[in-house]
Each structure stands twice: as structure tokens, then as C-alpha cells.
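# Fold and contact review
So the chains spell out like this:
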Amino acid sequence: MNGAQASQIRTLLLEAADAIDRANAIVSTLDSDDRALLVTPLDEISSALHFELLQKLYLRYRGLAEKSEAWDGTMA
């Protein structure tokens, strides 16, 4: 993987994180049974995305972490 590929992957992962956040916002409005069904899996996906996938990219390509601070939810 080169820096350009890592940057593309980061962009897609951040878009996925944004979509998960939007899904969580909708899930929070559901009745308790439906909310209970979805909240844990969404949290697990979000944690894996942020603390495994993105973290590994940032450790290998340190400059990407700086770019992510400016992430505004749109394609770079």
C-alpha cells in the first residue's frame, strides 16, 4: 500500500464512520426493542473502524492523522 492508496482508504473509512453516526442517530429514535437490536452491533462496527482500521493507517502513515483532524464529512 502506498500513501495515495492509504489516503483513499482513509477517506472511505471516514465516510463509513459518518454513515454509522447517521444510522446511530436514527437508531436512537427507535423504540427500545428495535434500538436494543441495533445499538450494540453499530457500536462494535464503529469501534473497530476507529480503533483498529483507522488507527493502523495512522500509525503507518502519520500524515493521515493530521488530515483527519480537518475531516468535514465530505470527500477530500
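Now for a look at the structure at hand.

Procedures and definitions
Residues numbered from 1 in each chain as written. Predicted model: local features only at pLDDT ≥ 70, side-chain atom pairs only at ≥ 80, totals over all residues. Heavy atoms only, no water. Helix = DSSP H or I, 4+ residues; strand = E, 2+ residues; numbered from the N terminus. Buried < 20%, exposed > 50% of the residue type's maximum accessible area, 1.4 Å probe, protein only. Contact = heavy atoms within 4.5 Å. Areas by Shrake-Rupley, 256 points an atom, 1.4 Å probe, with all protein chains shown as cover. Core = buried A, V, L, I, M, F, W, Y, C linked by side-chain atoms within 4.5 Å. Salt bridge = Lys/Arg side-chain N within 4 Å of Asp/Glu carboxyl O. Expected span 1.5 Å × (residues − 1). Bend = angle between axes of the 7 residues up to and from the residue. Polar contact = N/O pair within 3.5 Å; in protein donor to acceptor, adjacent residues only side chain to side chain.

The next subject is the overall build of the protein chain. Tallying secondary structure elements over the protein chain gives three helices and zero strands in all. Along its sequence from the N terminus, the protein chain presents helices and strands in the succession α-α-α. Split into buried and exposed, the 76 residues of the protein chain put 25% on the buried side. The contacts in the protein chain between residues at least 6 apart in sequence include a share of 71% that link residues at least 24 apart. Carbon together with sulfur atoms contributes 57% to the accessible area of the protein chain, which is approximately 5300 Å² in total.

Another aspect to go through is the nonpolar core. Judged by nonpolar contacts, the single largest core of 13 residues is most densely connected at Ala-6, Leu-13, Leu-49, Leu-54, Leu-57, Tyr-58 and Leu-64. Put simply, the parts of the chain that give this core at least two residues each are α1 (3-27) and α2 (32-60). With six residues, the top contributor of residues to this core is α1. What Ala-6 contacts, discounting residues up to four positions off in sequence, is Met-1, Leu-57, Tyr-61 and Leu-64.

Here we take up the pattern of salt bridges. Tallying each qualifying case throughout the model produces one salt bridge. Between Arg-22 and Asp-18 there is a salt bridge; the shortest N-O distance is 2.6 Å. With Arg-22 and Asp-18 both in helix α1, this residue pair falls four residues apart, about one helical turn. In this structure Arg-22 comes out as partly exposed when scored by relative accessible area, which is 49%.

Another aspect to go through is α2. The α-helix advances 3.6 residues per turn, and as a result positions three or four apart in sequence lie on the same side. For α2, which comprises 29 residues, the first-to-last C-alpha distance of 41 Å matches the rise-based estimate of 42 Å (1.5 Å per residue) to within 8%. Where α2 bends most, the angle comes to about 35°, and this point is Leu-54. Three or more residues of α2 are buried, namely Leu-42, Ser-46, Leu-49, Leu-54, Leu-57 and Tyr-58. Backbone nitrogen of Asp-33 and a side-chain oxygen of the N-cap are separated by 3.2 Å at the start of α2; the cap is Asp-31.

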